[in-house]
Each structure stands twice: as C-alpha cells, then as structure tokens.
Amino acid sequence: MGLRSKLRRRCGAVLVCLALPACQAAVDPSVCEMAHVTDLPLVRRGHAFYTDMTINGQNAQVLLDTGSSQSMISESAAHRLGLHVSAVGMTNIVGVGGTRDTGTAWSREVRLGDAHGERLTLTTIEDAGLRRGSEGILGMDFLYGFDIDLDVPGNRIRLYKAVTGCSAPRAVLGGALYSVDLVALPGELSPVVTVSINGRQLRALIDTGSPGSLIFRDKAHWAGFAAGPPVGITVMRGFGPRAIKGEIRIGAPVQIGDLTVVNMPFVVAQQPHFGAIDMLLGYDFITRVHLWISHSSGTVIMQYPSSASPVARKD
C-alpha cells in the first residue's frame, strides 16, 4: 500500500521469458500488437486482492499491490521457499503508518502463471507486517514490463506484452471507455495519473494494495475536496508500524482523465507524502472500474460497468 523504499536500490532484476512471435522489420509504429501472456484468478478478501505465485517451484499466495515498488515475502515464507535471506535491518521501507525495517531475499525463479521471471530480488518483512493469509506482495518490479488487464468485475488479472511499437493505446476492452495518461516520475514504477478536483491538479497513485482511497489532508484542503462534517472516522494500516486515523469524506467530483467519478468516499488523513504523490486511488475506485494499465503506451483505460453511468452513479 503505497510502499516506497527509503534506501534507493535496484530491486527486481527480472528477466521475463515469453514466447512471442518475432517482430517484423517494417512495422507501422501506430499499430500496437499485443501478445497475451497469462490469465489468473483474483481472490477478493478483506478489501484486498490476492493471487498465486510460484517461487523456486513452490506456491505462495501473494497480495496484488500496484502501489508497491517492490515485491515482498514474509520471513517465514522466505525460509520455507528456500530463499537466500539477508538480515532484517539492511534496508527499510516507507508506507502508510511510517517506516519498517526489512531484509532481502534472492530467488532462483518466479512464475506468475505463464510469466516467468529469473533472479527476482524480494524484500523480506516480518510476518506481522503482512495481511493475514498473505505470504508476500506482488509489486511493480515484476509487473512493470506488462500491460495489465485488471478485471476486478470478473475476478481476473491478465498480463499482455507489446509485440510491436505502441504510439497509441490498445486494449482488449470494449464498449464505452475512458482514458487518462500515465505520469512519468523519476524512479517511479507504480501507475500514477493526474486527477482534477475543483480544477486543481493532483497526482494520484493507483494502489490495489490500499483498502481505501486516500487524500493527504493538505491537498484535500487545497483542492476544496470536502467541507463540513465527515461521514465517518476510520483507521487505516499500511506497511508502517502505526495505524493512522482519518475522516471519511465524500466531496467534489473527481475527474480522472475523461472519467468523472462522483460520491466516492475518500479518507482524508494527516500523512507524509510519498514524494510527488498527493492521493491514493484504492479499493473504492478499483472495484468500480475495469482497468487496463498500459505501460507500452503510457495510458490507463477505464471501463465502467454497463449497469451504471459514471456521472450518475450514487453508491
């Protein structure tokens, strides 16, 4: 959930092995040919999404976290899977709730369905730092090289690889589609988009690991997101050791590219920013849309369920 490494190190030297058709020498760069790599079920539990990953030939259930720059493994799972593990305290991570000491584990190979990676460096974390039922985190160091079809309505995740050059996005989605450009930030692997609230521009991280959508308090005030009393009080937990308290607010419409989202609850909390990030689009947003995160063309495409208009939706 919004995980950042405080110590900037190269993590996840992943060699992804795919059986793709050979690229032709003369290809129209405006045509983006996509190769389907894998299709896996998503298990939705406790405002989070889980899938199975094979590490060193053994299965582990991991939390899908597009807000995490690093893939992680619990200390007990690292030993069970036969990983070479360094001592905790070699590095630390920063997330919602503060900083936590971590270690490092090295894998021989990892598999996410038919996506095969070698020499993935995993951050190790004490078991208590992960959500119950999860042995690790599937982060963006593995996922960044793919176009991601995050089909939450269908409880699936599919990965695609661009075979030819992409100057325009191409998705497997159909029907009414909405889009927003990805924001390129130095050293940032997680998907970040520009969001407009009352004409103010904010940078939002699409975070499948966050149990709710969150706006940092100073930016909420700056954008005039919500005035008056909150609709509730909540406590959020991330990778940091502390829980943070926030107000649940439903404020001004949120414009994400050409998609307008109304009446979506956000937690407004006093929390240090993650670099240039102003807010998190978490579970509340991700369960409303079918997302295509296209790194090949630098675009996020959103499909609303056919049963509701994004502007008129009131839930």
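Residues numbered from 1 in each chain as written. Predicted model: local features only at pLDDT ≥ 70, side-chain atom pairs only at ≥ 80, totals over all residues. Heavy atoms only, no water.

A. Representation of the pairing of strand 12 (residues 115-118). Both strand 11 (residues 109-112) and strand 12 contribute to a ladder of four bridges, which runs antiparallel. Across the sheet, residue V110 finds its bridge partner in strand 12, namely G117. (Pairing = 2+ DSSP bridges. Helix = DSSP H or I, 4+ residues; strand = E, 2+ residues; numbered from the N terminus.)

B. Local environment of the environment of F266. With respect to the element layout, F266 can be found in strand 25 (residues 266-269). The exposure class assigned to F266 is buried, which follows from its relative accessible area of 0%. Note: C-alpha distance between F266 and G282 (16 residues apart in sequence) is 9.2 Å. Not counting residues within four places of it along the chain, the set of residues in contact with F266 comprises S213, L214, I215, F225, E247, I248, R249, V254, M279, L280 and L281. (Buried < 20%, exposed > 50% of the residue type's maximum accessible area, 1.4 Å probe, protein only. Contact = heavy atoms within 4.5 Å.)

C. The packing of aromatic side chains, seen in detail. Under the definition given, this model contains four aromatic pairs. Ring geometry for F49 against Y283: centres 5.5 Å apart, planes inclined by 25°, an arrangement best described as stacked. One end of the pair, F49, is in strand 5 (residues 49-55); the other, Y283, is in helix 4 (residues 283-286), with 234 residues separating them in the sequence. For the pair F49 and Y283, a shared accessibility class is recorded, and that class is buried. Directly above the aromatic system of Y50 lies the positively charged group of R45, at a separation of 4.1 Å from the ring centroid. A cation sits over an aromatic face here: K161 above F146, 5.0 Å from the ring centre. (Phe/Tyr/Trp six-rings, centres within 6.5 Å; stacked < 30°, edge-to-face > 60°. Lys NZ or Arg CZ within 6 Å of the ring centre and 35° of its normal.)

D. Focus on the pairing of strand 6 (residues 58-64). As defined by bridge partners, strand 5 adjoins strand 6 across six bridges and the pair is classed as antiparallel. In the strand pairing of strand 6, Y50 is matched with L63.

E. Fine view of the confidence of the model for the protein chain. For the protein chain, per-residue confidence averages 79 on the pLDDT scale, and residues scoring 70 or more make up 76% of the total. Low confidence marks residues 2-30, where pLDDT is under 50. Its contacts with residues over four positions away, or in another chain, come to 75 contacts. Across residues 307-315 the pLDDT falls below 50, and counting only partners more than four positions away or on other chains, this stretch makes 18 contacts in the model. (pLDDT = per-residue confidence, 0-100.)

F. Layout of the nonpolar core. One finds F142, V193, I256, L281 and F285 to be the most contacted residues of the largest nonpolar core, which totals 62 residues. What V193 contacts, discounting residues up to four positions off in sequence, is V180, D181, L182, V183, L202, R203, A204, I206, I256, L281 and V300. Ranked by size, the runner-up nonpolar core spans eleven residues in total, among them V192, L205, L214 and V267. (Core = buried A, V, L, I, M, F, W, Y, C linked by side-chain atoms within 4.5 Å.)

G. Main features of the sheet that holds strand 16 (residues 156-162). Reading across the sheet, the six strands line up as 3-16-15-27-28-17 and stay open at both edges, with antiparallel pairing between neighbours. Edge strands, defined here as strands with exactly one partner in the open sheet, are strand 3 (34-41) and strand 17 (177-181). On average, each strand axis in the sheet is inclined to that of its neighbour by 15°, with strand direction left out of account. Pairing between strand 3 and strand 16: seven bridges, direction antiparallel. Note that in strand 16 the partner of T38 across the bridge is L159. (Axes fitted to C-alpha atoms, helices over the stretch in contact; angles between N-to-C directions.)

H. How the structure looks around the environment of P41. The topology assignment puts P41 in strand 3. For the pair formed by P41 and D151, sequence separation is 110 residues and the distance between their alpha carbons is 9.5 Å. Those residues within four positions of P41 in sequence are excluded, and the remaining contacts are Y50, T51, N155 and R156.

I. View of the pattern of salt bridges. In total, this model carries seven salt bridges according to the counting rule given. Here R249 ties to E247 by a salt bridge, and the two come within 3.8 Å at their closest N and O atoms. The exposure classification of R249 matches that of E247, with both residues buried. Here the salt bridges do not stand alone but share partners, grouping D39, D149, D151, R156 and R158 into one network. (Salt bridge = Lys/Arg side-chain N within 4 Å of Asp/Glu carboxyl O.)

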